[in-house]
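Fold and geometry: a report
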Amino acid sequence: MTLTDPLHYAPKGDKANSAYFNEYRVKIYERRIKSGLADLLGNMCGLVIQVQTGDALAYLKELCIMTPYRYSKSYINNTHKIYCLVNSNTPNTPVFFVLEPLAFDFADQLTYVNKMYVNSQEKPNARYVGEIFSTKDRNETKKILLSHEIRFQDPDSIQNKFYSNKHIEFTQMSNISLNSLGYTDSNIYDFDSLELGEEFHLSPTEKKALEEVDQFTQEHQIKPLLKGVDHTASRVLAGEREDAILEWLCLSNYYFWGAYDVKDLNSSTNASRITHGNDILSPAKVFTANNTPFMVNSFENLPMPTENFVRNYGRRLHHLAIEVMDGEYQKGTKNIDFVLKKLTDDAHIPFLSQIYGECKDEPNLRQVFSKHSAFSILITEYIERCNDFKGFFTKSNVFALTTAAESDEQIKTHHIGQGVVGD
Ligand SMILES: [Fe+2]
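Notes on the structure follow. Sequence order sets the numbering: in each chain, residues are counted from 1 along the sequence as written. pLDDT decides what is reported in this predicted model: residues at 70 or higher carry local features, side-chain atom pairs at 80 or more are listed and counted, and totals for whole chains, interfaces and linings draw on all residues regardless. The basis for every side-chain value is the complete set of heavy atoms in the structure, and neither hydrogens nor water enter the calculation.

Some points on the overall build of the protein chain
Secondary structure counts use DSSP, requiring at least four H or I residues in a row for a helix and at least two E residues in a row for a strand, with both numbered from the N terminus. Within the protein chain one finds eleven helices and 17 strands. Atoms considered for the radius of gyration are the C-alpha atoms alone. The globule rule reads 2.2 Å times the number of residues to the power 0.38. Rg of the C-alpha trace for the protein chain: 21 Å, near the compact-globule value of 22 Å for 423 residues, within the 12% margin. The principal-axis extents of the C-alpha atoms in the protein chain amount to approximately 55 × 55 × 55 Å. Two residues form a contact once any of their heavy atoms are found within 4.5 Å. Sequence separation of at least 24 residues holds for 69% of the intrachain contacts in the protein chain that already meet a minimum separation of 6. In this description, accessible areas are obtained by the Shrake-Rupley approach with a 1.4 Å probe, and a residue is regarded as covered only by the protein chains that are shown. With the model as given, the accessible surface of the protein chain reaches about 17,900 Å², and the carbon-plus-sulfur share is 50%.

Here's the deal with the packing of helix H1 (residues 19-35) against helix H7 (residues 241-251)
Whenever a helix is involved, its axis is fitted only over the stretch in contact; in every case the axis is a line through C-alpha atoms, and angles between N-to-C directions fall within 0 to 180 degrees. Where H1 contacts H7, the two axes come as close as 9 Å, and the packing angle between them is 10 degrees. Judged by the angle between their axes, H1 and H7 are roughly parallel. Along the contact surface, H1 presents Tyr 20, Phe 21, Tyr 24, Arg 25, Ile 28, Tyr 29, Arg 31 and Arg 32, while H7 presents Glu 242, Asp 243, Ile 245, Leu 246, Leu 249 and Cys 250. Side-chain classes are defined by residue name, with Ala, Val, Leu, Ile, Met, Phe, Trp, Tyr, Cys and Pro counting as nonpolar, Asp, Glu, Lys and Arg as charged, and the others, Gly among them, as polar. Partitioning the contact of H1 with H7 into residue classes produces nine nonpolar, no polar and five charged. Here the word oblique covers every angle except those under 35 degrees (roughly parallel), over 145 (roughly antiparallel) and from 65 to 115 (roughly perpendicular).

A short note on the nonpolar core
What makes a nonpolar core is a set of buried Ala, Val, Leu, Ile, Met, Phe, Trp, Tyr and Cys residues whose side-chain atoms join them at distances within 4.5 Å. Burial here depends on accessible area, computed with a 1.4 Å probe over protein chains only, as a share of the maximum for the residue type. Under 20% is buried, over 50% is exposed, and the range in between is partly exposed. Core analysis: the largest hydrophobic core is formed by 81 residues, its most contacted members being Phe 96, Val 98, Leu 343 and Tyr 382. Segmentation of the chain into domains, including their bounds, is taken from an automatic or database domain assignment. Summarising the domain contributions, this core has at least three residues from each of domain 1 (43-210) and domain 2 (218-406). Leave out the neighbours within four places in its chain, and Tyr 382 touches Met 66, Leu 226, Ile 322, Val 324, Ile 336, Val 339, Leu 343, Phe 351, Arg 366, Gln 367 and Val 368. Residues Cys 84, Ile 158, Tyr 163 and Phe 191 belong to the second largest nonpolar core, which totals 24 residues.

So, the coordination of the iron ion
Here a donor is any nitrogen, oxygen or sulfur atom (N, O, S) within 2.8 Å of the metal, with 3.2 Å used for Na, K and Ca; water is not among the atoms considered, so some sites may look incomplete. Ligation of the iron ion by protein atoms is provided by His 231 (NE2), His 319 (NE2) and Glu 381 (OE), these donors lying 2.0 to 2.2 Å from the ion. Along the chain, the residues that donate to the iron ion are spaced as H-x87-H-x61-E. Highlighted residues: His 231 in strand S9 (residues 226-236) and Glu 381 in strand S17 (residues 379-386), separated in sequence by 150 residues. On the basis of relative accessible area, Glu 381 is assigned to the buried category, the value being 2%.

Side note on the state of the cysteines
Throughout, a disulfide means two cysteine sulfur atoms within 2.5 Å of one another. For the structure shown, the criterion picks out one disulfide. Each sulfur of the disulfide joining Cys 359 and Cys 386 lies 1.6 Å from the other. Between Cys 359 and Cys 386, the S-S torsion sits near 70 degrees, and that sign places the bridge as right-handed. Residue Cys 359 is located in the loop between helix H10 (335-346) and strand S16 (364-369), and its partner Cys 386 is located in strand S17; the two are separated by 27 residues in the primary sequence. There is no disulfide at Cys 64, and the cysteine sulfur nearest it, in Cys 84, is 16 Å away. Overall, the relative accessible area of 3% leaves Cys 64 in the buried class. Here Cys 250 is not disulfide-linked; the sulfur of Cys 45 is the nearest cysteine sulfur, at 20 Å. Overall, the relative accessible area of 16% leaves Cys 250 in the buried class.

Brief notes about the sheet that holds S16
A pair of strands is treated as paired once DSSP finds two or more bridges between them. If you trace the seven strands from one edge of the open sheet to the other, you get S10-S11-S12-S9-S13-S17-S16, paired in mixed fashion. Among the strands making up the open sheet, the edge pair consists of strand S10 (255-262) and S16. Averaged over all adjacent pairs, the angle separating strand axes in this sheet is 25 degrees, with direction ignored. The sheet contact formed by S10 and strand S11 (residues 267-273) spans seven bridges and is antiparallel. In the sheet register, Val 262 faces S11, and the bridge partner there is Ser 267. Sitting on the sheet, helix H9 (residues 305-313) is in contact with S9, S11, strand S12 (284-290) and strand S13 (316-324), with an inclination near 85 degrees to S9. This element, helix H11 (residues 395-406), spans S9, S10, S11, S13, S16 and S17 of the sheet and lies at about 0 degrees to S16.

Let's talk about the side chain of Arg 273
Locating Arg 273 in the fold gives a position in strand S11. Here Asp 279 takes part through its side chain, which lies 2.7 Å from a polar atom of the side chain of Arg 273. Think of a polar contact as two N or O atoms within 3.5 Å of one another; within protein, one of them needs to be a possible hydrogen donor and the other a possible acceptor, and neighboring residues in sequence only count if both atoms come from side chains. At a separation of 3.0 Å, a polar atom in the side chain of Arg 273 contacts the main-chain carbonyl oxygen of Lys 390. Once residues lying within four places of it in the same chain are set aside, the contact partners of Arg 273 are Tyr 254, Tyr 255, Trp 257, Asp 279, Ala 284, Lys 390 and Phe 392.

Observations regarding the environment of Ala 244
Mapping Ala 244 onto the fold places it in helix H7. On the basis of relative accessibility, which here comes to 1%, the residue Ala 244 falls in the buried class. A C-alpha to C-alpha distance of 6.1 Å links Ala 244 and Ser 177, two positions 67 residues apart in sequence. Once residues lying within four places of it in the same chain are set aside, the contact partners of Ala 244 are Ile 176, Val 236 and Phe 287.

Side note on the pattern of salt bridges
Salt bridges are identified by distance alone: a Lys or Arg side-chain nitrogen within 4 Å of an Asp or Glu carboxyl oxygen. Taken as a whole, this structure holds 29 salt bridges when the rule is applied. With a shortest N-O distance of 3.0 Å, Glu 169 and Arg 138 are connected by a salt bridge. Here Arg 138 lies in helix H5 (residues 138-147) and Glu 169 lies in strand S6 (residues 168-170), a separation of 31 residues in the sequence. Accessibility expressed as a relative area gives 12% for Arg 138, which makes it buried. The salt bridge partner of Glu 169 is Lys 142, with a shortest N-O separation of 2.7 Å. Placement of the pair is Glu 169 in strand S6 and Lys 142 in helix H5, with a sequence separation of 27 residues. We classify Glu 169 as buried; its relative accessible area is 8%. What emerges from the salt-bridge pattern is a single network uniting Arg 138, Lys 142, Glu 169 and Asp 185.

What follows is the structure, encoded as structure tokens:
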């Protein structure tokens with residue numbers, strides 16, 4: 001395995017970064033080595049999402065149809081039910097925690113943030129929380145990050161003890177991306193050892209419902225073609241792009257892989273990546289931001305789908321990308337085309353667009369966006385890396401996918417301003 005050395009790596013892409021960004025990017029890499037963080041941190045080993053009370057089972061079914069994640073165990077603490085899912089196809093990849101508040105009127109910081117944004121108000125507790133990193137020493141990691149001005153959740157005052165317990169500790173919600181990061185030095189795959197709460201079991205009816213969905217995905221040959229999470233993509237405001245990336249570099253052992261300007265959308269796509277380069281084991285982190293901030297964009301009249309998304313939903317994760325095995329299911333039919341057809345025709349999953357990206361003899365990406373989930377508010381992207389394509393985007397695909405998603409993300413009410421759907 002070849003490791004990328006962040007200090008000697010020249011970022012890819014054509015999106016210009018400021019001198020401030022380049023100076024601190026390198027300083028952060030140097031500090032990670034000096035402080036010991038680079039040696040402590042391992043792979044991204046968990047993904048965390050909260051859904052609305054009553055939505056968990058429906059969301060588990062959706063994940064079962066659309067991803068390789070399958071329900072494993074569940075626990076209950078003072079405020080939440082916690083469902084633990086594992087990637088049934090690829091071992092040693094991040095686990096998935098689905099948090100469901102016990103009380104419909106449960107409210108914490110996440111709820112208050114959702115209530116600020118018109119398209120997030122309907123499901124005020126549905127939000128992607130963030131990721132969990134494995135570390136060799138959780139206390140030492142916390143000590144180092146505290147000395148770098150990173151703030152952690154307070155175990156005494158936090159309502160949902162999932163965020164601060166004996167085995168996993170989360171940072172406070174980022175002021176820039178509204179993302180939180182957890183760190184654990186426990187074996188995340190041994191759910192009982194994490195002491196998440198009292199174990200509870202699904203009812204026979206609930207279990208049967210999930211088993212039926214799993215069987216459906218096996219019979220229709222969807223499940224074996226899905227590898228795991230390739231990347232997660234967040235959207236932030238135009239002015240926060242560089243700070244969001246720098247904060248991510250402070251909190252992880254990722255390196256800034258590169259940024260591409262998509263001029264037709266007036267936005268850029270910015271990726272950070274694990275140094276060993278195996279994104280399935282530790283998914284890439286992508287930030288998308290507008291080039292021109294909304295308040296001056298009216299001088300230019302340029303497109304601003306990313307800025308409008310952030311203003312309609314708040315800074316948050318936009319999509320989770322699932323990698324499809326590269327290959328042809330049948331002669332002339334790429335695996336991603338087969339998966340899309342099965343999900344559309346047989347599972348009745350709505351998609352926003354056709355598949356974009358040519359997959360012939362050259363390395364390339366073939367991608368498609370689902371409609372956003374009613375439970376997680378996330379789009380699921382399917383991505384086939386044809387002929388070992390190493391990048392994250394092609395400009396033509398990004399343009400087509402973002403444009404397709406835009407109409408689904410506008411505000412659905414009158415008299416507010418830009419982005420109103422309908423008359
Ligand atoms: Fe993506």
